[in-house]
Amino acid sequence: MDRARFVFLDRDGTLVHDGGYVHKVEDYRLLPGVVEALRSLRDAGFRFAIVTNQSGIGRGLYTEADFERFQRRLLDDLEAGSIAIEATYMCPHLPDARCTCRKPEPQSLLDARDRFAIDLAASWVIGDHAVDVRLAANAGCGGILLLTGHGAEERHKLGDTPVDAIVADLPAAAHHILTHERSVRS
Ligand SMILES: [Mg+2]
Ligand SMILES: [Zn+2]
């Protein structure tokens, strides 16, 4: 049986507007074209998970309950658009905590692989930070950097990290994926 193909989505600056440590439901704003982009990927057989670093929790700027409320708002919005997010991998730790759940550590994607029988080589990571692209490289996925969110500054932090595409926004990333299918090794 063919293994699952996933698109691992960063949240802040990728799916939702990020004014910096976004966590208040009243600041929730879905970025333009997100639902349509995810639908086109869904229709091509991709499934979705969110992978998000939330060091604002470790910094004491907001709580895990705040995160969950905001996340619920997003998931409800996407569900209303017939988009299912099958898992959310969230790291609440500080960058120097040396945990294994913070991007670009690949542990969350390896867990997802085992849980959903994912073909990581046929899967993708999309985000607006260099760590999202590094996560893709560390897990053996395709990696796309968006210029929404912090992407304009982050593109200069890629260093020698391989990146499949640097594109304007999530709709452009979906277009890239649908026209550059990675080989399915089942
Ligand atoms: Mg982001
Ligand atoms: Zn962590």
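Residues numbered from 1 in each chain as written. Chains lettered and ligands numbered in written order. Predicted model: local features only at pLDDT ≥ 70, side-chain atom pairs only at ≥ 80, totals over all residues. Heavy atoms only, no water.

### Observations concerning the environment of Trp124
Its location among the elements puts Trp124 in strand S4 (residues 124-127). The exposure class of Trp124 is buried, given its relative accessible area of 1%. Sequence-wise, Trp124 and Ala136 are 12 residues apart; in three dimensions their C-alpha atoms are separated by 6.8 Å. (Helix = DSSP H or I, 4+ residues; strand = E, 2+ residues; numbered from the N terminus. Buried < 20%, exposed > 50% of the residue type's maximum accessible area, 1.4 Å probe, protein only.)

### Quick word on the coordination of the magnesium ion (ligand 1)
At this site the magnesium ion (ligand 1) is bound by Asp10 (OD), Asp12 (O) and Asp128 (OD), with donor distances of 2.1 Å. All donors of the magnesium ion (ligand 1) belong to a single chain; written as a sequence motif, their spacing is D-x1-D-x115-D. Look at Asp12 and you get buried, because its relative accessible area is 10%. (Donors = N, O, S within 2.8 Å, 3.2 Å for Na, K, Ca; no water.)

### Looking at the sheet that holds strand S1 (residues 6-9)
With parallel pairing, 6 strands are arranged side by side in an open sheet as S3-S2-S1-S4-S5-S6. In this open sheet, the two strands that pair with only one neighbour each are strand S3 (85-91) and strand S6 (165-167). Direction aside, the axes of adjacent strands within the sheet are offset by 20 degrees on average. Here S1 runs beside strand S2 (residues 47-53); their pairing, made up of 4 bridges, is parallel. (Pairing = 2+ DSSP bridges. Axes fitted to C-alpha atoms, helices over the stretch in contact; angles between N-to-C directions.)

### Considerations on the coordination of the zinc ion (ligand 2)
Each protein donor to the zinc ion (ligand 2) is listed here as Cys91 (SG), His93 (ND1), Cys99 (SG) and Cys101 (SG); together their distances run 2.1 to 2.3 Å. Between the 4 donor atoms coordinating the zinc ion (ligand 2), the angles at the centre fall across 101 to 118 degrees, so the site counts as tetrahedral. All donors of the zinc ion (ligand 2) come from a single chain, and their spacing in sequence reads C-x1-H-x5-C-x1-C. (Tetrahedral: all angles 85-135°; square planar, octahedral: opposite > 155°, others 65-115°.)

### Describing helix H4 (residues 107-116)
Within H4, the full set of buried residues consists of Ser108, Leu109, Ala112 and Phe116. One side of H4 carries all its buried residues, which in axial view fall inside an arc of 95 degrees. On its buried face, H4 sits against S1, S2, S3, S4 and helix H5 (130-139). Remark: Ala117 follows H4 within two positions and exhibits a positive phi of approximately 55 degrees. (Arc of directions from axis to C-beta. Contact = heavy atoms within 4.5 Å.)

Structural measurements only, silent on function.
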